[in-house]
Amino acid sequence: MSFRFRTHTEYLARQRELESEERESVDQVRMAFLSTITLEPLAPYLVVELGDRDLSAVPWFGPFGQIEQQCLRDDSEFYRFGPDVIVVWMRLEEIAEDLLYRFLSLEAEERESLATRIEKRFRDLFAAIRQRSQAPVVVANFAPPDYPLGGFADPHFLEASQGALLQRLNAGIARIASQFAQCAILDFSRIVAEVGLPASYDARMFSLSRMPFSSPALANSARHLARIVRAMRVPNRKCLALDLDNTLWGGIVGDDGIEGIQLGEDYPGNLFKTFQKYVLSLRDSGILLAIVSKNEEATALDAMRNHPDFLLRPDLIAAHRINWTDKATNLREIAAELNIGLDSFVFFDDNPVERDWVRRNCPEVAVIEVPRHPHQYPAALLDSGHFDRVFVTDDDRKRNQYYSDDTRRKQHLQGTSTLVDFLSSLEMTASLSEVTANSLPRCAQLVAKTNQFNLTTQRMPLAEIEKKLSDGSIGICLRLSDKFGDLGLIAFALSSQMAEADHWQIDIFLLSCRAFDRSVETALLKSLSDRILERGGRFLRSDFVPTPRNRVCARFLPDHGFQEISTNSWILALDESNSLKFPEFLTVLENDE
Amino acid sequence: MNDLLEKIRQLMALTLGVPPDSITDSTSTETLSEWTSLQHLNLIMAIESEFGVFIPPDTTLELTSVAKIVEFLESNPT
């Protein structure tokens, strides 16, 4: 189902439809393309694929072959266009054709020097762009050759094969991209693999106009780009809530019993087991799993614990509601239990009535249209794009560990009498340090997705934070651990000097919901104010920008001695005697990288 | 013939983003400024996708007027 594309005319028709609609609230994305080929025919595909994701594409195509010419001039048409996203698309056919056509004639050193030259070209290009623009860059990697010169023997050449060299170049591009802020890969080798190599090209169009792609390749390229752009601009979902009967196994456990449900190595049970493997892979990437099922809890949990082929065992599930309550109510309860918003949820249930109920009663939840046949479940889940992300931080992959540590913390709380006792008994250590290149991606991620404890809810892109830091702003991040485990980097503050030199303002001050109610925000503020004092600052200003989601921090400024000078605008006099102190139950390590 | 001409007018209007009324059987790349060389590619892809035909490279270069497109499609029915 996922690789059915519209025809060229259908794309054109949909493009005209989108153009005629009033879409004022839609997020507009100006996309600038620099390429060694003609890419203009991509425009309708791009408009439609972004349109399908509630984004509005405004493409601009540089003259083909003029990449450095556009990148190296501050006043080029390319920078004047003011791109929100920059796409760089170079092909080996144009930049190193010997690697494609004369590969067999090249000595090892010649291949090596060509490869080095290509990597250098990419590195120089990214550096040139970054000096002049902070917009995210998406760079296409290389497709496998249509016809490997060694023919069927190519794979036998091992490290000297053409295929192996292309893979190495693609790994090189990815490595170089990761060294620059906000630089992502358009996996063109995968785009053509999905469409099929022979079906991806149109040699006639290329010879007439230097536009090498078939309609399906244009469609799939636009779809990949749209998913990447969406993942960059829309905060990603954190939790997948799943039904059990006919979703994670075939049949109804209440009727069929644990022996009767379909789950195992043979049809149809293997379809459900395969689906569970994909779900588990999402958990590995940091997505929380929840179960929402209408069942007798004991019966369902028995199957989840004891069925030999059930993979998503209860200890892998962050929260569950197995009862006869309606699923919207259950989802709200799970959201409260996990301390995340309903807009972080994706709901997967084979029953259209349940889906409709959740859509009506929890419109923030993304509800996947589940296909009738279970062999299509994995595609429906993974092609939904709800869990797409372009950059994965280490913190993402550890997220599930934090939550299961948290369950043990809550059990521990029941054995202590006061909150201070409890906090002391957690043996917390806070490491405070200035933001570095290592911690910047995680800080930017927190900025993009923290809704609750966020004083200003200013969505500042990574590149802008980086720019502020290099212009002298102070960025502090806080890592927290306790006796149950490491919570990771959970708080971030950014402060800049104002026009009056001894006044500093808080641009960003936020705390991940994972670390609420532990007074670590006090430690962050204390550390920030110490550093501002050292730099000669005497007053700290901050706005509180109320949103429907950030009431939890409404009292933060007054509780820490700030005075309101106008509505939601606050000031704190900093001096050696100010009342800010590190909480005594917290071990503080400063400048600990 | 009239049906075919009408279909082509609709398709060209869609592709080039112009009103169907602005396209007649005497329209050509000379008379319609929106019919640029890049839009010509777009149009060729649209004709192929809509009529299920293959347009050889030489023909691609020759189909520069509505009359020629009609003639080509009449002699190469799907």
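Residues numbered from 1 in each chain as written. Chains lettered and ligands numbered in written order. Predicted model: local features only at pLDDT ≥ 70, side-chain atom pairs only at ≥ 80, totals over all residues. Heavy atoms only, no water.

### Examining the overall build of chain A
Of regular secondary structure, chain A possesses 24 helices and 19 strands. What you see for chain A is a C-alpha radius of gyration of 27 Å, in line with the 25 Å of a compact globule of 593 residues. Expressed as lengths along the three principal axes of its C-alpha atoms, the size of chain A is roughly 75 × 70 × 55 Å. A burial count over chain A gives 54% of its 593 residues as buried. Of the side chains in chain A, 67 bear a positive and 86 a negative charge, and the two mean positions are spaced by 2 Å. (Helix = DSSP H or I, 4+ residues; strand = E, 2+ residues; numbered from the N terminus. Rg over C-alpha atoms; globule rule 2.2 N^0.38 Å. Buried < 20%, exposed > 50% of the residue type's maximum accessible area, 1.4 Å probe, protein only. Lys, Arg positive; Asp, Glu negative; His and termini not counted. Charge placed at Lys NZ, Arg CZ, Asp CG, Glu CD.)

### A word on unusual backbone geometry
Peptide bonds are mostly trans, and most non-glycine residues show a negative phi. Residues and elements named next belong to chain A. The residue after Tyr267, namely Pro268, is reached through a cis peptide bond having omega -5°. Its place among the elements puts Pro268 in the loop between α13 (253-260) and α14 (269-284). We note that Arg210 has phi near 60°; this positive angle belongs to a residue other than glycine. With respect to the secondary-structure elements, Arg210 resides in the loop between α11 (203-209) and α12 (215-233). Even without a glycine there, the phi angle at Asn246 is positive, about 60°.

### Some thoughts on the pairing of strand β14 (residues 485-497) of chain A
All names here are of chain A. Burial of β14 is extensive: 11 of the 13 residues sit out of reach of the surface. Where strand β13 (residues 474-482) lies against β14, nine bridges are found, and the strand directions are antiparallel. In the sheet register, Leu478 faces β14, and the bridge partner there is Ala491. Hairpin connection between β13 and β14: a loop of two residues separates the two successive antiparallel strands. (Pairing = 2+ DSSP bridges.)

### Details of the pairing of strand β5 (residues 183-186) of chain A
One ladder, built from four bridges, connects strand β4 (residues 137-140) of chain A with β5(A); its direction is parallel. The residue of β5(A) that forms the bridge with Val139(A) is Ile185(A).

### What about the pattern of salt bridges?
Once the charged atoms of two side chains with opposite charge are near each other, the side chains can pair. Residues and elements named next belong to chain A. Inspection of every chain in the model, using the stated rule, returns 40 salt bridges over all chains. Its salt-bridge partner being Arg91, residue Glu94 comes within 2.9 Å of it at the nearest N-O pair. Given a relative accessible area of 7%, Arg91 falls into the buried group. Residues participating in the shared-partner salt-bridge network are Arg14, Glu17 and Glu21. (Salt bridge = Lys/Arg side-chain N within 4 Å of Asp/Glu carboxyl O.)

### Brief notes about helix α1 (residues 8-20) of chain A
Compared with an ideal rise of 1.5 Å per residue, which puts 13 residues at 18 Å, α1(A) spans 19 Å between its outermost C-alpha atoms and is within 8% of the ideal. Three or more residues of α1(A) are buried, namely His8(A), Thr9(A), Tyr11(A), Leu12(A), Arg14(A), Gln15(A) and Leu18(A). Buried residues belonging to α1(A) abut α2 (42-51) and α12 of chain A together with α1 (2-16) and α2 (37-51) of chain B. (Expected span 1.5 Å × (residues − 1). Contact = heavy atoms within 4.5 Å.)

### A short note on the sheet that holds strand β10 (residues 366-367) of chain A
All names here are of chain A. Strand order in this open sheet of five strands is β8-β7-β6-β9-β10, and the pairing throughout is parallel. Because the sheet does not close on itself, it has two edges, and the strands there are β8 (319-322) and β10. Sheet analysis places strand β9 (residues 345-348) next to β10, joined by two bridges and oriented parallel. The residue of β10 that forms the bridge with Phe347 is Val367.

### Here's the deal with the sheet that holds strand β2 (residues 55-61) of chain A
Residues and elements named next belong to chain A. Read from one edge of the open sheet, five strands run β2-β1-β3-β4-β5, paired in parallel fashion. Each edge of the sheet is formed by a strand with only one pairing partner; in this case those strands are β2 and β5. Neighbour-to-neighbour, the strand axes of the sheet open up by a mean angle of 25°, direction not taken into account. The pairing of strand β3 (residues 85-89) with β4 spans three bridges and is parallel. (Axes fitted to C-alpha atoms, helices over the stretch in contact; angles between N-to-C directions.)

### Things to note about the interface of chain B and chain A
In this assembly, 20 residues from chain B lie in contact with 17 residues from chain A. Of the roughly 1,500 Å² buried between chain B and chain A on both sides combined, carbon and sulfur atoms contribute 73%. On the chain B side of the interface with chain A, the three residues burying the most area are Leu14(B), Leu41(B) and Met45(B), jointly 43% of the side's total. Counting across the interface, chain B meets chain A through one salt bridge. Where Glu48(B) meets Arg204(A), a salt bridge forms, and the shortest distance between an N and an O atom there is 2.5 Å. Here chain B is connected to chain A by seven residue pairs in polar contact (both at pLDDT 80 or more). Those elements that provide at least two residues to the side of chain B that touches chain A are α1, α2 and α3 (57-62) of chain B. Per-element accounting of the side of chain B that touches chain A gives the leading share, nine residues, to α2(B). Looking at side-chain class alone, the side of chain B that touches chain A contains 13 nonpolar, five polar and two charged residues. (Buried area = accessible area lost by both parts, 1.4 Å probe. Polar contact = N/O pair within 3.5 Å; in protein donor to acceptor, adjacent residues only side chain to side chain. Nonpolar A, V, L, I, M, F, W, Y, C, P; charged D, E, K, R; others polar.)

### Section: helix α17 (residues 352-361) of chain A
Residue and element names in this part refer to chain A. Taken together, the buried positions of α17 are Glu354, Arg355 and Val358. Looking straight down α17, one finds that the buried residues subtend no more than 100° of arc, so they occupy a single side. Exposed and facing more than 90 degrees away from the buried side of α17 are Pro352, Val353 and Arg360. At the N-terminal end of α17, a side-chain oxygen is found 2.8 Å from the backbone nitrogen of Val353, two or three residues along, and the residue is Asn351. (Arc of directions from axis to C-beta.)

### Considering the nonpolar core
All names here are of chain A. Counting 67 residues, the largest nonpolar core has Met31, Trp89 and Phe213 as the members making the most contacts within it. Ignoring any residue separated from it by four or fewer positions in sequence, one finds Met31 in contact with Leu46, Leu50, Ala57, Val58, Pro59, Trp60, Phe81, Val85, Val87 and Val229. Ala328, Tyr403, Met428 and Ile532 belong to the second-largest nonpolar core, a separate cluster that totals 63 residues. (Core = buried A, V, L, I, M, F, W, Y, C linked by side-chain atoms within 4.5 Å.)

### Re the side chain of Ser161(A)
Tracing the chain through its elements places Ser161(A) in the loop between β4 and α8 (162-178). In this view, Ser161(A) contacts Phe103(A) and Asp154(A); residues no more than four positions away in its chain are not counted.

### Focus: the packing of aromatic side chains
Residue and element names in this part refer to chain A. Taken as a whole and judged by the stated rule, the model has 20 aromatic pairs over all chains. Taking the centre distance of 5.4 Å and the plane angle of 75° together, the rings of Phe348 and Tyr377 count as edge-to-face. Linking Phe348 in strand β9 with Tyr377 in helix α18 (residues 377-382), this pair joins segments that are 29 residues apart in sequence. With relative accessibility at 3%, the residue Tyr377 sits in the buried group. The rings of Trp60, Phe78, Tyr79 and Phe81 are connected pair by pair, giving a single aromatic cluster. For Arg91, the ring lying beneath its charged end belongs to Phe206, and the centroid distance is 5.1 Å. (Phe/Tyr/Trp six-rings, centres within 6.5 Å; stacked < 30°, edge-to-face > 60°. Lys NZ or Arg CZ within 6 Å of the ring centre and 35° of its normal.)

### Focus on the environment of Lys410(A)
Looking at the element boundaries, Lys410(A) is found in helix α19 (residues 394-413). In the structure, Lys410(A) is positioned 42 residues away from Gln452(A) in sequence and 21 Å away in space, judged by C-alpha atoms.

Interpretation note: all reported values are geometric properties and have no functional meaning in isolation.
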